[in-house]
Every structure is written in structure tokens, then in C-alpha cells.
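# Descriptive analysis of the structure
Letter by letter, the chains look like this.
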Amino acid sequence: MALLKTDSDSKTVLDHLHDWVVTVDHKKLGLMYIMYGLLFFVVGGVEASLMRIQLAVPNNHFLPPQVFNELFTLHGTTMVFLVGMPLIFGFANYLVPLMIGARDLAFPRLNAFGFWLSVFGGLLLYFSLIGGMGLSGAGSAPDVGWFAYAPLTARAFSRGHSTDYWTLGVLVGGFGSIVTAANIVTTILCLRCPGMTLSKMPLLAWLNLVMCGMVLIAIGPLTAAQIMLLLDRFLGAHFFDTQAGGSAVLWQHFFWIFGHPEVYILIIPGFAFVSEIIPVFSRKAIFGYPVMVAATMAIAFVSLGVWAHHMFTIGMSATSNTFFAVSTMLVGVPTGIKIFNWIGTMWGGKIRFDTPMLFCLGFLFQFLIAGLTGIMLAVVPFDWQLNDSYFVVAHFHFVLVGGLVFTIFGAIYYWFPKATGRMLSERLGKWHFWLFLIGFHVTFDTMHIPGMLGMPRRIYTYEAGRGWGTLNMICTLGVVFQATGIMFFVGNILWSLFKGRRAGNDPWDAWTLEWTTTSPPPEYNFAELPVVRSRRPLWDLKHPTDPDWKYE
Amino acid sequence: MKSRIEQRKISASTCVTRPRWRIWLLTFILFPLSLSTALSADPSLVPNIFIPESTPAHSINHVSLLVLAITGGIFAVVFSLIAYVTIRFRRRPDDNGTEPPQVYGSNPVETAWTTVPLLIVVVLVLSTARAIHEVQDAPMPPSAVDVQVVGHQWWWEIRYPKLGIVTANELHVPVSDPQKRMPTFIELRSADVVHSFWVPRLAGKTDLIPNRVNNMWIEPMRTGLFLGQCAKYCGTEHAKMLLRVYVHTPEDFDHWVKAQQALAAGDPVVAAGRLVFERTACINCHSLGKTVGDGRFGPDLTHLMSRDTIAAGAAENSPENLRAWIKNPNQFKPGALMPAMNLTDAELDRLVDYLVTLQ
Amino acid sequence: MSTAAETFATEPPAWPALSKGRVGMTCLIIAESTIFTIFVVAYLYYLGKSLSGPMPRQVLELPILNSICLLSSSATITLAGRALRKGNVSRFGFWWLATIVLGGYFLFGTAVEWRHLIYEKGLTIQTDLFGTTFYSLVGLHAFHVIVGLIALLIVMGLTWIGAVKREHAERVEVLALYWHFVDVVWIIVFTVVYIIGR
């Protein structure tokens, strides 16, 4: 395999494995993060498929309620903490040093430590499936929902250790995220190559800097809340013990102070990928670089003040409700600005529709819809109907699947050649794209409707007389297309690793530093550290009479 | 040479069906059909948030339609931009390979597409604030019916403190009239975890949170039955914590109140069944009229047969279902907190005979 | 394992004004601050809401001596850092040891206070909301002091075997940054628990 070829032929498979396990190289760790994330993506997808089968018809008996409740808890927790976070840290790990002209992250050993902490956290969470007997004999997997509201998580209402597996698994993963974020921030601030001032960094570096800053601020509240929960469950503390005067609402505040910035943490790297891919495939520089940076910082800042829009139904005062409605709508403005800037990048360009660009176009369309349904949910009275209904489920799947997952697919098709030296098949890529796109829309466009017809979330079945049956069936059918699309994707990766067209240094005719080195790059990344003069160093080299630094 | 249109006409009239026509026809039949099966449920029962039948639901509906219109407009504009750009600026097959002119940004354009969204936000905020105030700060008129709802794992305790009525899962209220307003104001509490009271056609949802009192109100404008259910995950049987709101004319409501206020005497013929109730653990969880049962962990059974469903909507209220439920609640609601009572068949028969007399 | 960075260690950094260690430690401090903030918020929110149990005023005494020790340890650690910058390893060792002793006394004083609260005043983490929030907030801080002391002790050990030299001044100062953070948190905890909360 190209990935594993080394100079010395005397290395056994065990030697290769050992290399990967003990590595501190950001590229290997990045790839491991991504493989870990993709593996759990499939696991989470299976969980979702099982739930969709159960919900396809009213009063179904495919799954008992306990199993269904464990499935939606695991699905949410997996997708956010074992897929989303590892994937974004994986890409950041791999790309940031290459794009800023550095040799590795600031603290390579800390990098490895953070990775293995995350892995341990994930394995601990899944160990719960076999770890012990739960209350109903259905294994001990957590069944409290991915946001684990109190007091459902109290000892009194969650007997056994299922909630503890959730708490500890996520807690440990959180520590991994914090150290990796600190590592990436330090790398970006201290290890840029000569000439690369902050305003000459690629947008991907800026957006990952902002994302990691948000991780440092947002994960702490979750860690604190989980420590409090553990104290309640193991030492008899009363943080969320309503019998002792504790507050169930306090958990909600703490969780969402983490939870809302978390979803921006997840999507901002998606923005980063799009900001690198759209320019290259439109053959134009990104439109409005400084505005894009400012908008991202505005999003980061404002997103710290919107959390209670998840709590509009708890009975806050009209003033509080209005405040959070305002902040939530405001955060939509810089997000909209970014969409316009991407369109502005494409304007006047010469657009090539290779697979990475197709996924970015899908993202643009879907993220637009996601943002607009978000604005609807920000209108508090509308949210009083739509909160905790399938409308919200459709909204956040538009954000996370239609948005983030599409950009991740685009990023994989774009940077796979750099990491492996081989191109992914365009033909299989297009099959993947179209199948997944169709399946996504069949499922998630339709899903808005049951929400508007009164179907709440997290129910293992529903009555026949409510008009939800056919709509749910349609949602389930979409899964078939998505699953087939994913099979094409996996097949593409496996085939291309061995038979893909050789990529060369710069298969896309791009402009940032990672395309100046070989594919795959050597362990030390660059023979000589580059010196840059503009945001697109390769453009300057390719267009010596018309370099960027004359216009920036 | 016949034109293509004429050729098609001939094929249609001679009933030569080309596959393509069949597909289009099926599409235009299949889609409406599936929609209609969705609505083959009694349409008045489908809890559609866009068919509001109560004052707060109307307020919500107004602002919802406004925001739908605005976001619809934004979608139309931006989607057209994306479509236009994708088509107009695609690389042509005869492209000469040069790079297009590089444009790095434009301050006027950035200002424009910052200002317009901000203005839209202002409009939305003002409408939102007004609708919030209309619903949340509505004063309670003296003619309002006063209800307390306590959420339990997985049923609704419903009390009318001024009327001295305790029931479960099915809320009975009078219909209101713009001239003679009779809304129902509801206080929401929880005995265990967080629940949420949601009857879409009557109001937005409000949570039931332990150690906290929340308030909401409904003002139905039509008699009939309205469906809802718990809308905040509260454990194993969250899905079967259903709600039924019966809206009566003022006269019918009075009848219902009087029937509920009368203490169930129970038919002396079925005293044997009453003894089963009083001598088994039932009394620890259930209150029942004049019996010694005064438990509040489970629903009050005084007027059990006045309800259409049992187990918070999990089953229709019939003697057979009642018997099966008492024998093994897990049959209807796996994980329900009521244990199987391990009664003999004879005891079960006597008990059910007694219970069905509790109107 | 050698890192690529170590192989190319002779390349000068392009942005010398920012030291990796300081930036990294600052990031960690930011993250830790958010954890403490949430515990402080919980403490303030639950003030006066206990349903039973002793009131803070009844059981809390101002830990003046403890605080003086901990806060002066910030001064001693700064002096230690300065000594090492000048290359004076023995003076560095002296001030470093003083820091450890002062930090250790703080922990000892906290333990004494807790023993008094638990056995003589009957206040535990289970007692009521005050007990819960008090022990968790003060305990979280004490935990960070313990972690800091362990790190300080390791450096003390390395000093005794002669492994700490002038070129390690930067790293020692990064560790001192953590110690200063612990002290600042104590100022906040002291204010919230012993002044506002009483």
C-alpha cells in the first residue's frame, strides 16, 4: 500500500502497526482520527437505520422501547463525539501544519496523547453495550438521550451504570479535545513559516484557530456539569437533585452553554474545507478574505450567547426568551455573509464540477435551508410548537449531514490524493454523491412534515391515527439510498488505495502550501521551510507576472 | 412527416402506453395518494400546528406564517443566485485554460449583504417579541377554568382544585367564545423528571419540571377531541404518555363536572371486587373514591370508566384491555412502573367487574 | 521516538515573540477557567437555597493563614524563576522549595478545615446544597493545587539530581504560569465562598 511503503523492505506488518501505534507524526495521527471517525460514522449509521426501520410504520414491534432509547442516545453521542469531533481534529491535525509551512504540531507527543484519550473515551462508551446488566436486561448502554437531561440521569431514575458510561466516556474524550485544541492553537500562533503573517494564512488555518479557541471555552462547561453529575451519582451530592432543592434547569443551562458552541465547533471546519475547495474549482481567490475572518469570529463570539434557544419551552420570562431570540437571529447574519462570499467566489469563475466541488455545492444548498429552518426555530412562539419535534431533528440533520458530512466528503475527495498519492475514482465519486444526495433529501426534506404535524422526538413508536405513518415510511426509504451511497464511498476508497490514478504533487492545480510537497508528504513535510509573500504562494509561483501580493 | 405532438396524440388514443407516460401518470397519482393516506387518519385529529383552534395557537400561527414567508423569500433569492452562478459560470468545453480575472472582494457588496439581513432580523425580532408577549403575558380572566397538571413517569395527573376533581390523562374543558371567554389556565408541575405538555392545535408546548411551577393556557374555539402527547424524553415509555383534550359545550362540561364530583359508590353487587382492590397493593399507588386507597403514584381511579383510554392512551378503555393491563402492564407499555399484580384469574374477574362500574 | 521537529531543531522559529510553552499553557488555563466558572456559577446560584443543614455563616471561618501562604507562594515561585534565568540554580532550588512548602501548608490547612467541618459541624457533600457546592468548588481548587504540587515536586527532584539548568528557565516559568493561575482561582474562590457567600 502506498500509505505504508517505506524505504526498508524488511518491515513486517507488525512493524508497520507498531509505527502507527507509537507515532507522534501529525499526518499519521490525523489519518487515524479520520479512520476512527469514519468507522464510527458507519456504526452511527447502523443505529440510525435500525431506528428508521422501527419507525417506518405505526405501532411497530421491531425494537423494544429500551433498545430504541439506547439507540437514539448512542446515535447522537456517537455522531457528535466519536464522528464529528475526531473528523474535524483529524483534518486539522493533517492539514494545518502543511498549510502553514510547519513540520508538525507544536507538541507532537501531546498530540498522540490527545488522540488515544479520545479513542479510550469512545471505547468506554461502547463497552457499555456489553459491560453489565441494565435495568431491563438490555445491556447497560446509556438511554438518557445525548444531552442527558437531569433528573432523568439521577441515580433514582437511571439505575445501573448506563449513565456513568456516557458521562465518563464523553468526559475523557473532552479532555482529549481540550489538549488537541490547545496544541493546534499553539501551532498556528507559533509555527507559521517565515512571511506568513496571520493575515496571509489560508482560511482553513484561521477557521481552525477559531474552532479550537471555541473548544477551549465550550468544553469546560460540559466537563464541569459531568463532574457535578458524577458527584451526584456517586457521592450523594445534590447539584441536580430536585428533592433537595437542586435545579433540573441548571443542567440544561450548563449543557447548552457547551452544546450550542459545540455545533458551531463542528460546522466551522466544514466552512474551512469549503473555503479552500470552492476557490480552486472556481479558479478564483476567495471573495472577501478579511470579511470571512471577521464573520467567523463574529459567529464564534455570538454563538456563546445563544444557548437558551434550546430551552424556550422551560418557562423563562418573556425578556429572556426575547433576548435569546435576538442573539440566535443575529448569529445568522455572519453565517449568511459567508454563504454570499462563497457565491461571490464562484461569480465570474470557471467552475469545474469534480466530486469535491459537487459536495460543496450540495453543502451550499443544504446549509442555506438549514440556516433558514434555524431562523424559524429562533422565532420563539414557533419554537413552542416545533421544539423537541421531528422538525428540529430534520433541521439539525440538515446542518450536520447536509452541511458537515457533505463538506467532509468533499474534503476527503480533495485531500485523499495528497495523503495517499492516488486519486479517488471520479466515476464512483459521482455515484456516491448522487445516491447520497437523493437519499438525504428523501429522508430529511420529508422529515420536517411529521414535526409540523405534531410528532415529538425520541418516541419508539406512534399511534396510527395521527397521519404520520406514510411520511415516516418515506423517511425510512431514503436510508436505502444513503446506505448505498456510502457503500460506493467505501468501495471507492478501498479500490483507489490500490488502483487509483497516481496523483503527483498538485493534481487540482491549487494554490496553498500543501500542494508544494510530494503526495504523500515525507515525514518532515518540507525539505526546506517555505517563505511566503501572499495568501496563495503557489499562485505566485505559477503566475510570476501577476502574483497575489501585488493586489492583497 | 408528422410532428412530434401529433405522433404522441395518436399513441395516446390507440392506447399504446409508452413506459415514459406511465411513469409520469403514476407520479401524479402516487404522490397525492400517499398524502391522502397520510390524512386518511381522521383529519380533525391530526395534530397539525398549522390548523390552530385555540387563541394562543392562533397567535403562534400568525407569526409562524410571517417567518415562513420571509424565509421562503430569502430561500428563493439565494437559491436562484446559487443556481445562476453554477450554470452561468461553469467551465465551457471550449475553454482556453486561462484563469478568469481574480476579484478579491468588494466593500459595497459586503455592506449591502450585511445590511439587508440585519433589517430582516429587526422585523423578525419585533414580530417575535409581540407574539411572545401575547401568549406569555396573557392575564387570566375570572371565568377561566383552573387546572393543575402533574407529570409522572408516564401518565398525567389532572386536578381541578376549585371543582374538587382528580382525574388522569384526559383533560376536559369548556369551549370558549370571543364574546364570552372561557379559557383554561393550566399550572404544570412534575413528580419526577422533565415532561412537556403538547397539544399542537391548542397551544405551544410547555415543560413540566420538578421543583418548578410553569403556567400555560388554552382557549379552544371548537368542541371536539384534540390529541397531544408528552414532548420531552422522560424515560422508557415516553412514547406512550398520550394526551386527550375533550372540549365540551358549557352545558356538557357542567354535566361532566357533576359526574366527576360525585363520589363513586360502586355497585354493591361487585363488592367482592372492591375487596380485592382494598386488600392488594393497589391501594398504595391508587386513590379511589371512598376506599382506603389514597396513593398518588398512579392515577386516581374514582371515575375510571369516564375515560376513553387507559395507560395514558396506550390502550382503549375496555374490560378486556383493563384485565390484560392489570394482569401484565408490560404487554401494553414495556417498562411501565406498575408491576404485574399476580392476581388469580378469579380475583382478576371480580376486580374488573368492580372497576367497570366506576363511571 | 524522534519527532520531525527534533530532527530539524536548528531551524530558527519565524515568530520568536510567542513561546510555544506560554501559548500552550495559556490555552490550558483558559479551558480550566471555564470549568471553574461553572462551579462558581453553581455556587452563587445555590446560595441561600439549601433546604436544611448548617448555614455558611455558622460554620465557615476565614482561612487567612492558608491564603497568605498560597498567595506568597506565587511570589516565591517568581523569585525562583528569576534566579534560574540568572543561572543561579541553588537559589532557584531554595525558592522552589519554599513554594512547595507554602503550597503544602495550604493543602494541610484545607484538610484541617474540612476535618473540622465534617466531624464537628456535620457538613458533608451530602448534607445539603451548601455542602455540595462548597466541597466541590473548594475541592476542585485543592485538586488543582495537588496536581501543581506534584509537578513542582518532580522539578524539585530533577533539581536535586542536577538536571535543571539555566536553559530550562522558560519551561519553569511556564509551570509557574500554572501555579499563578491556581492562586488567582483561589482569590476568586475565597471571595465567592468566604466573603460573598457568608
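Whatever comes next refers back to the structure up there.
### Focus: the interface of chain A and chain B
Across the boundary between the two partners, chain A contributes 97 residues, which contact 89 residues of chain B. Interface area, chain A with chain B, both sides summed: about 8000 Å², of which 69% is carbon and sulfur. Summed over the shared surface of chain A and chain B, the number is two salt bridges. As a salt-bridge pair, B:Glu99 and A:Arg283 come within 2.7 Å of each other at their nearest N and O atoms. Inspection of the chain A/chain B interface yields 33 residue pairs in polar contact (both at pLDDT 80 or more). Listing elements by their share of the side of chain A that touches chain B, those giving two or more residues are helix H3 (65-100), helix H7 (248-282), helix H8 (289-303), helix H9 (318-346), helix H10 (355-378), helix H11 (380-386) and helix H13 (426-452) of chain A. Grouping the amino acids of the side of chain A that touches chain B by side-chain chemistry returns 56 nonpolar, 27 polar and 14 charged.

### What to know about the sheet that holds strand E8 (residues 214-218) of chain B
All names here are of chain B. The strand order E3-E2-E1-E5-E8 describes an open sheet built from five strands, whose pairing is mixed. Two strands in the sheet have a free side with no partner beyond their single neighbour: strand E3 (165-168) and E8. Neighbour-to-neighbour, the strand axes of this sheet turn through a mean angle of 25°, independent of strand direction. Bridge count between strand E2 (residues 155-160) and E3: four bridges; the pairing is antiparallel.

### Points about the packing of H3(A) against helix H4 (residues 108-131) of chain A
Residues and elements named next belong to chain A. At a minimum axis distance of 12 Å, the contact between H3 and H4 shows a crossing angle of 165°. As summarised for this structure, H3 and H4 are arranged roughly antiparallel, according to the angle between their axes. As for how H3 packs across H4, the hand of that crossing is left-handed. Across the interface between the two elements, Leu-74, Thr-77, Thr-78, Leu-82 and Asn-93 from H3 touch Asn-111, Gly-122, Leu-125, Tyr-126 and Leu-129 from H4.

### Observations concerning the interface of chain A and chain C
If you look at the interface, chain A gives 45 residues, while chain C gives 35 residues. Carbon and sulfur atoms make up 76% of the area that chain A and chain C hide from each other, which totals about 3400 Å². Seen at the junction of chain A and chain C, the total is zero salt bridges. Here chain A and chain C share eight residue pairs in polar contact (both at pLDDT 80 or more) between them.

### Here's the deal with helix H6 (residues 129-160) of chain C
Over its 32 residues, H6(C) extends 46 Å from the first C-alpha to the last, a length consistent with the 46 Å expected when each residue adds 1.5 Å. Within two residues after H6(C), C:Gly162 carries a phi angle of roughly 80°, on the positive side.

### A few points about the arrangement of the chains
Among the two pairs of chains in contact, the pair with the most contacts is chains A and B. If you take every C-alpha in chain B and every C-alpha in chain C, the smallest gap between them is 12 Å, and the two do not touch.

### Some remarks on the packing of aromatic side chains
Counted under the stated rule, the structure contains 83 aromatic pairs over all chains. Ring geometry for A:Phe382 against B:Phe50: centres 6.2 Å apart, planes inclined by 65°, an arrangement best described as edge-to-face. Of this pair, A:Phe382 sits in helix H11 while B:Phe50 sits in the loop between helix H2 (19-38) and helix H3 (55-88), on two different chains. The class of A:Phe382 is buried, set by a relative accessible area of 1%. Counting every residue linked through ring pairs, the aromatic cluster contains A:Phe41, A:Phe359, A:Phe398, A:Phe406, A:Phe409, A:Tyr413, A:Phe433, A:Trp434, A:Phe436, A:Phe440, A:Phe444 and A:Phe489. Sitting over the ring of C:Trp15, A:Arg192 keeps its end group 4.5 Å from the ring centre. For the cation-ring pair, A:Arg458 lies above A:Phe147, with the distance from its terminal atom to the ring centre recorded as 4.2 Å.

### Quick word on the state of the cysteines
Such a bond, covalent and formed between the sulfur atoms of two cysteines, is termed a disulfide. All names here are of chain B. Considering all chains together, one arrives at zero disulfides over all chains under this definition. Take Cys-282: it sits in no disulfide, and the sulfur closest to it among the cysteines is that of Cys-285, at 8.7 Å. A relative accessible area of 11% means that Cys-282 is categorised as buried. Classification of Cys-285 by relative accessible area gives partly exposed; the value is 25%.

### Here we look at the side chain of A:Thr187
Residue and element names in this part refer to chain A. Among the structural elements, Thr-187 can be located in helix H5 (residues 162-190). Owing to a relative accessible area of 0%, Thr-187 belongs among the buried residues under this scheme. In this structure Thr-187 touches Ile-100, Asp-104, Leu-105, Ala-106 and Arg-192, once residues within four positions along its chain are discounted.

### Quick word on the sheet that holds strand E4 (residues 170-174) of chain B
Residues and elements named next belong to chain B. Reading across from one edge, E4-E10-E9-E6-E7 is the order of the five strands in this open sheet, with mixed pairing throughout. In this open sheet, the two strands that pair with only one neighbour each are E4 and strand E7 (206-208). The average undirected angle you get between the axes of adjacent strands in this sheet is 25°. Each of E4 and strand E10 (242-248) touches helix H5 (residues 250-261); the most contacted strand, E4, lies at about 135° to it.

### Considerations on the packing of helix H2 (residues 26-55) of chain A against helix H14 (residues 469-499) of chain A
Residue and element names in this part refer to chain A. Two elements in contact, H2 and H14, have axes whose closest approach is 9 Å; the angle formed by their N-to-C orientations is 155°. Relative to H14, H2 is oriented roughly antiparallel. Handedness of the crossing formed by H2 with H14: left-handed. Of H14, the residues touching H2 (which contributes Leu-38, Phe-41, Ser-49, Arg-52, Ile-53 and Leu-55) are Asn-472, Cys-475, Thr-476, Val-479, Ile-486 and Phe-489. Classifying every residue of the contact of H2 with H14 by side-chain character gives eight nonpolar, three polar and one charged.

### Quick look at the environment of B:Lys327
All names here are of chain B. As for its position among the elements, Lys-327 is in helix H8 (residues 319-327). Of the residues examined, Lys-327 reaches a relative accessible area of 45% and is grouped as partly exposed. Between the C-alpha atom of Lys-327 and that of Ala-340, which follows or precedes it by 13 residues, the distance is 5.6 Å. Non-local contacts of Lys-327, meaning those with residues more than four positions away in its chain, are made with Ala-340, Met-341, Asp-345 and Leu-348.

### Overview of a nonpolar patch on the surface
Residues and elements named next belong to chain C. Where nonpolar side chains cluster on the molecular surface, the patch consists of Leu-97, Val-101, Ile-146, Ile-150, Ile-154, Leu-158, Trp-160 and Ile-161 and spans about 830 Å² of accessible area. Where the nonpolar patch is concerned, the elements lending two or more residues are helix H5 (89-120) and H6. No other element matches H6, which puts five residues into the nonpolar patch. Note on placement: Leu-158 falls in helix H6.

### Considerations on the pattern of salt bridges
Taken as a whole and judged by the stated rule, the model has 28 salt bridges over all chains. The shortest N-O distance in the salt bridge between B:Asp207 and B:Lys232 comes to 3.9 Å. Of this pair, B:Asp207 sits in strand E7 while B:Lys232 sits in the loop between strand E9 (224-230) and E10; the two residues are 25 residues apart in sequence, bridging distant segments of the chain. One salt bridge connects B:Asp345 with B:Lys327, and the closest N-O pair in it is separated by 3.9 Å. Of this pair, B:Asp345 sits in helix H9 (residues 345-355) while B:Lys327 sits in helix H8, and the two are 18 residues apart along the sequence. The exposure class assigned to B:Asp345 is partly exposed, which follows from its relative accessible area of 45%. Shared partners join several salt bridges into a network, and the residues in it are A:Arg283, A:Asp506, A:Asp509, A:Lys542 and B:Glu99.

### Regarding the pairing of strand E1 (residues 145-152) of chain B
Residue and element names in this part refer to chain B. The element E1 is extensively covered by neighbouring structure, given that six of its eight residues are classed as buried. Strand direction decides the pairing type here: E1 and strand E5 (residues 184-190), joined by seven bridges, are parallel. Opposite Val-150, over in E5, you have Arg-189 as the bridge partner. Pairing between E1 and E2: five bridges, direction antiparallel. By the bridge assignment for E2, His-152 is matched with Trp-155. Hairpin connection between E1 and E2: a loop of two residues separates the two successive antiparallel strands.

### A short note on unusual backbone geometry
When glycine is set aside, most residues are seen to have a negative phi, and most peptide bonds are trans. Residue and element names in this part refer to chain A. Here the amide bond leading from Ala-150 into Pro-151 is cis, since omega sits at -10°, within 30 degrees of zero. Positionally, Pro-151 belongs in the loop between H4 and H5. Of note, the bond from Ser-519 into Pro-520 is cis; its omega dihedral lies within 30 degrees of zero at -5°. Relative to the helices and strands, Pro-520 is located in the loop between H14 and helix H15 (537-542). A positive phi is found at Arg-283, a non-glycine position, where the angle reads about 65°. Among the structural elements, Arg-283 can be located in the loop between H7 and H8. Residue class for Arg-283 comes out buried when judged on its relative accessible area of 5%.

Calculation criteria
Residues numbered from 1 in each chain as written. Chains lettered and ligands numbered in written order. Predicted model: local features only at pLDDT ≥ 70, side-chain atom pairs only at ≥ 80, totals over all residues. Heavy atoms only, no water. Contact = heavy atoms within 4.5 Å. Buried area = accessible area lost by both parts, 1.4 Å probe. Salt bridge = Lys/Arg side-chain N within 4 Å of Asp/Glu carboxyl O. Polar contact = N/O pair within 3.5 Å; in protein donor to acceptor, adjacent residues only side chain to side chain. Helix = DSSP H or I, 4+ residues; strand = E, 2+ residues; numbered from the N terminus. Nonpolar A, V, L, I, M, F, W, Y, C, P; charged D, E, K, R; others polar. Pairing = 2+ DSSP bridges. Axes fitted to C-alpha atoms, helices over the stretch in contact; angles between N-to-C directions. Parallel < 35°, antiparallel > 145°, perpendicular 65-115°, else oblique. Left-handed = near helix turned anticlockwise from the far one by under 90°. Expected span 1.5 Å × (residues − 1). Phe/Tyr/Trp six-rings, centres within 6.5 Å; stacked < 30°, edge-to-face > 60°. Buried < 20%, exposed > 50% of the residue type's maximum accessible area, 1.4 Å probe, protein only. Lys NZ or Arg CZ within 6 Å of the ring centre and 35° of its normal. Disulfide = S-S within 2.5 Å. Patch = residues over 30% accessible without salt bridge, like charges linked within 9 Å, V, L, I, M, F, W, Y side chains within 5 Å. Areas by Shrake-Rupley, 256 points an atom, 1.4 Å probe, with all protein chains shown as cover.

Read these as spatial facts, not as claims about activity.
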